Amino acid sequence: MKTIITRIAKMKNLLSLSFVALIFLSFVTYQNFNSDYEVDSDFSMKIIGSSNVHDWESTINSLTGYASVTLGESGDIQISDCTVSIPVNSIKSSKGKQMDKKTMKALKEKEFPTIDFTLLSFGNVVKTDNKFTADAKGNLSIAGATKEIDMIINGNQLENGRIEIQCSKDMKMTDFEIKPPTALLGTMRTHDEITIEFRVVLKNP
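The shown structure was predicted, so the numbers you read here are calculated from the model rather than taken from an experiment.

### Focus: the overall build of the protein
Then step 1. The number of helices and strands found in the protein is 2 helices and 13 strands.
Then step 2. Entry remark: accessible area of the protein is about 12800 Å², with carbon and sulfur atoms responsible for 55%.

### Some details on the nonpolar core
Then step 1. Judged by nonpolar contacts, the single largest core of 47 residues is most densely connected at Ile-79, Ile-153 and Leu-202.
Then step 2. The contact partners of Ile-79, leaving out residues within four places of it in the chain, are Ala-67, Ser-68, Val-69, Leu-119, Phe-122, Ile-165 and Leu-202.

### A closer look at the environment of Asp-81
Then step 1. Among the secondary structure elements, Asp-81 is positioned in strand 5 (residues 77–87).
Then step 2. Separated by 15 residues in the primary sequence, Asp-81 and Tyr-66 have C-alpha atoms spaced 7.7 Å apart.
Then step 3. With near-sequence residues (within four places) excluded, Asp-81 lies in contact with Tyr-66, Ala-67 and Ser-68.

### Topic: the side chain of Thr-195
Then step 1. Here Thr-195 shows up in strand 13 (residues 193–203).
Then step 2. Once residues within four sequence positions are removed from consideration, Thr-195 is found in contact with Lys-46, Ile-47, Ile-48, Ser-168, Lys-169 and Asp-170.

### Observations concerning the pairing of strand 13
Then step 1. Where strand 2 (residues 44–50) and strand 13 come together, 5 bridges link them in antiparallel fashion. Each bridged residue has a counterpart across the sheet, and for Ile-48 the counterpart in strand 13 is Thr-195.

### Here we look at helix 2 (residues 97–106)
Then step 1. Along helix 2, the residues that are buried comprise Met-99, Asp-100, Thr-103, Met-104 and Ala-106. An end-on view of helix 2 places all buried positions within 165° of arc, on one side of the element. Along helix 2, the residues that are exposed and aim more than 90 degrees away from the buried face are Lys-97, Gln-98, Lys-101 and Lys-105.
Then step 2. Remark: Lys-108 follows helix 2 within two positions and exhibits a positive phi of approximately 55°.

Calculation notes
- Residues numbered from 1 in each chain as written.
- Predicted model: local features only at pLDDT ≥ 70, side-chain atom pairs only at ≥ 80, totals over all residues.
- Heavy atoms only, no water.
- Helix = DSSP H or I, 4+ residues; strand = E, 2+ residues; numbered from the N terminus.
- Areas by Shrake-Rupley, 256 points an atom, 1.4 Å probe, with all protein chains shown as cover.
- Core = buried A, V, L, I, M, F, W, Y, C linked by side-chain atoms within 4.5 Å.
- Buried < 20%, exposed > 50% of the residue type's maximum accessible area, 1.4 Å probe, protein only.
- Contact = heavy atoms within 4.5 Å.
- Pairing = 2+ DSSP bridges.
- Arc of directions from axis to C-beta.

These figures come from the coordinates and say nothing about function on their own.
If you want it as structure tokens, here you go:
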């Protein structure tokens, strides 16, 4: 009889410990949920510039990107291990094929076929409901030159766990040792200053 009682007591203790462990693991997971995300096909990215003749705009039609996203209990969000790669030949100008050729040449597409971004830091997150702003810093590599850039991003936590990120960043072509393209025997000169605008959606595959 004593043996049976002892076994029952041990089983109760084991069940109690298992229940406590399960609650603890669930709490830890809820406190700090980390998952791998990828850039959805629902994105838009463009390069906006001007010249002494007219304004111009080029659209980026293809990219791949991945990130690690951590969601905290209070709704805090952290993004790390983020990389984005853009095929240079996916950049198409609103001014036609002649401008595309100039772009490919300026970006040294044959030697450096992709534009790459690697996130270095993500912080100063300010969250309001499902929206947030944050400071992001990363290395941007274009035409063989790498430069550290700072960005202020605007985010929005969408349904199904997706995360929308938008940003507008001003920079100069010469920062990456790119000579601004010219055309028409040099009578049309592209200005050095450009703006990169993008909207991407991170999804959990």
